[in-house]
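# Chains, contacts and geometry: an overview
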Amino acid sequence: MTARLAILASGRGSNLQAILDAIAAGALDARVVGVFSDKPGAAALQRVDAALRWSADAKTFASREAFDAELAEAVAASKPDWVVCAGYMRILGDGFIARFAGRLLNIHPSLLPKYKGLRTHARALEAGDAEHGASVHFVVPELDAGTVVAQVPIPVLPGDTPETLASRLLSREHALLIAVLRLAAAGRITEQEGTVWLDGHPLLNPLQLDCTGTLAAR
């Protein structure tokens, strides 16, 4: 059955657009059933019909928990199979994560466990890393600490800046997200007690996206 995806986004929505493009091309058997944002002015919201948009300014809520509770109700009303954080820049609370545990994914621009949080491209350059990349992981209460499903590496080139590194990674980041969502939509991945299972077998290491766009075991 076609997977129902709820997308959380705070910014321009380039990962959301990659999902929409893959669905339109028949490369992803899924349907976006809602786009949810903590930023009412987020460009991502404009990429879907008005009926699929939900947003609220988190700053107007009395507490983080109050905002998360309203967000959770809105997401749950869309009856998603998977909830995907695609450039969602707000830390989700424990209650929200617990409600959607096992079907909540995030894409993060680093080779986790390196560089959790922000400024990942600059931090990779400051550390003198030879490669950088992106990861898709299950979401847990600790920031960017959930079990990693898959990663894609790219080389760091001489003269790279945070901007050039981010730009070169973006298309590979999109490809990684779509590849993982294909597995999710097909019911091939689950998370159990901190381990990712693929086709009923535990993954000892994250899958890696190769140059052909195929996910393979390391």
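See the structure printed just above.
Cut-off values and rules
Residues numbered from 1 in each chain as written. Predicted model: local features only at pLDDT ≥ 70, side-chain atom pairs only at ≥ 80, totals over all residues. Heavy atoms only, no water. Helix = DSSP H or I, 4+ residues; strand = E, 2+ residues; numbered from the N terminus. Buried < 20%, exposed > 50% of the residue type's maximum accessible area, 1.4 Å probe, protein only. Pairing = 2+ DSSP bridges. Contact = heavy atoms within 4.5 Å.

On to the environment of K79, then. Within the fold, K79 resides in the loop between α2 (64–77) and β4 (82–85). Each C-alpha atom, one on K79 and one on K116, is 30 Å from the other, the two residues being 37 residues apart in sequence.

Moving on, we get to the pairing of strand β6 (residues 131–138). Summarising burial for β6: seven of the eight residues are buried, a large majority. Alignment of strand β5 (residues 104–108) against β6, held across four bridges, turns out to be antiparallel. Bridge pairing in β6 links H108 to S135. Bridging between β6 and strand β7 (residues 148–155) involves seven bridges; their strand directions are antiparallel. Residue pairing across strands places H137 opposite V148, the latter belonging to β7.

Moving on, we get to helix α1 (residues 14–24). Buried within α1 we find S14, N15, L16, A18, I19 and A22. Of the surrounding secondary structure, the elements contacted by the buried residues of α1 are β1 (3–8), β2 (30–37), β5 and α5 (162–185). Positive phi shows up at G26, right after α1, with a value of about 75°.

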